[in-house]
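Structure assessment
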Amino acid sequence: MKIALVGYGKMGKIIDEIAQKRGHEVVARLKETPTSENLNNPDVVIEFSLPEVAFENIKACLENKIPVICGTTGWLEKRDEIEKLAVENDTAFLYGSNFSLGVNLFFALNERLADLMKNVDEYSCQLEEIHHIHKKDAPSGTAISIAEGIINNNPKFEAWKLEETKGDQLGIFAIREDEVPGTHSVFYRSEVDEIEIKHTAFNRNGFALGAVVAAEWIKDKKGNFGMKDVLGL
Ligand SMILES: NC(=O)C1=CN([C@@H]2O[C@H](COP(=O)(O)OP(=O)(O)OC[C@H]3O[C@@H](n4cnc5c(N)ncnc54)[C@H](OP(=O)(O)O)[C@@H]3O)[C@@H](O)[C@H]2O)C=CC1
Ligand SMILES: O=C(O)C1=N[C@H](C(=O)O)C[C@H](O)C1
């Protein structure tokens, strides 16, 4: 496949390497808004840029009828508009807050545990995410996905907020530390014990591989998708 990379920072560079190892041609490496010219006629775009520019980047690609794999987080208030554009332009869009296989298995485990806990009043629930000091958004997109998984499976919670859990607001602590690639924990605490489920990324390779696998999957698809569709979870 011909892959265009929109956003060429920590993630873009690793995706470039993995895509080429898997036999793909990387036809663009952009650090600016994509156009029909600078994209260089790709089969698919993989977008890992910044929260403040992702919407315009994705919009430009979809309006050129090019399918997009988006990993950029922190822009989801405009997701509905993007998903409408994908349908209107007869192309495909796939957003993943986290493309690693491990985190997507963690998402399924988290939802099952939340369902088990919905009738158990002895435990409080708290989320924690730890990332490198360069990260622009908080909480992480992965933490938001985890929170949404709990909210959708446990009616005790209506929404999420930064900091401690209070009433029907599920708390997320966002910690920025050194060069941490991404660690996510869910804690259930009672007066007598604690249950923790945790995912620790050792590096960014799992994120990058998942994005390239999603790009291979989305070819010839139409509509809006997530990593659950790619992995069959
Ligand atoms: N879904 C997932 O699995 C993962 C998602 N992410 C998310 O991906 C995003 C990128 O992360 P990361 O690579 O670490 O961030 P970086 O800051 O390392 O890279 C961002 C890149 O975007 C470039 N950029 C700036 N403006 C534009 C623009 N208008 N159009 C296109 N590119 C632009 C930057 O260029 P310049 O260097 O000139 O500023 C830089 O190359 C973040 O939102 C992060 O949360 C990260 C890891 C995994
Ligand atoms: O910025 C990062 O690095 C990461 N961001 C994503 C997120 O916001 O969840 C995914 C991963 O945790 C790394």
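Provided above is the structure to which this section pertains.
Right, let's walk through the structure included here. (Residues numbered from 1 in each chain as written. Chains lettered and ligands numbered in written order. Predicted model: local features only at pLDDT ≥ 70, side-chain atom pairs only at ≥ 80, totals over all residues. Heavy atoms only, no water.)

1. Points about the sheet that holds strand S4 (residues 68-70)
Operational definition: Pairing between strands is defined by DSSP: at least two bridges between the two strands are required. Note on conventions: DSSP H or I runs of at least 4 residues are helices, E runs of at least 2 residues are strands, and numbering of each starts at the N terminus. In this description, a line fitted to the C-alpha atoms serves as the axis of each element, helices being fitted only across the stretch in contact, and the angle between N-to-C directions of two axes falls anywhere from 0 to 180 degrees.
Taken in spatial order, the six strands of this open sheet run S2-S1-S3-S4-S5-S11, and their pairing is parallel. The sheet is open, and its two borders are formed by strand S2 (25-30) and strand S11 (223-225), each paired with just one other strand. Neighbouring strand axes in the sheet, compared pairwise and without regard to direction, differ in orientation by 20° on average. Two elements, strand S3 (residues 44-47) and S4, share three bridges in a ladder whose sense is parallel. Directly across from glutamate 47, in S4, lies its bridge partner cysteine 70.

2. As for the site of ligand 2
The following threshold applies: Think of it this way: one heavy atom of a residue within 4 Å of a molecule or strand is enough to make that residue near it. Pairing of N or O atoms within 3.5 Å defines a polar contact, subject to two protein rules: one partner must be a possible hydrogen donor and the other a possible acceptor, and residues neighboring in sequence count only if both atoms are side-chain atoms. In short, Shrake-Rupley with a 1.4 Å probe defines the accessible areas, and a residue's cover is counted only from the protein chains shown. Three classes are used: nonpolar for Ala, Val, Leu, Ile, Met, Phe, Trp, Tyr, Cys and Pro, charged for Asp, Glu, Lys and Arg, and polar for all others, with Gly counted as polar.
Looking at ligand 2, the residues that line it are Thr73, Ser97, Asn98, His131, His132, Lys135, Ser140, Gly141, Thr142, Pro181, His184 and Phe207. Interatomic distance of 2.6 Å between a side-chain N/O atom of histidine 131 and an oxygen atom of ligand 2. Surface burial for ligand 2 is 86%, taken as the share of its 320 Å² of free accessible area covered by protein chains. Among the residues forming the shell around ligand 2, the class breakdown is two nonpolar, nine polar and one charged.

3. Concerning the site of ligand 1
Not every one of the 24 residues close to ligand 1 is listed here, only the nearest: Lys10, Met11, Thr73, Gly96 and Phe99. Contact between ligand 1 and asparagine 57: a nitrogen atom at 3.2 Å from a side-chain N or O atom of the residue. Within the backbone of glycine 71, a nitrogen or oxygen atom sits 3.2 Å from a nitrogen atom of ligand 1. Contact with the protein chains covers 79% of the free accessible surface of ligand 1, which is 930 Å². Considered class by class, the residues forming the shell around ligand 1 number nine nonpolar, 11 polar and four charged.

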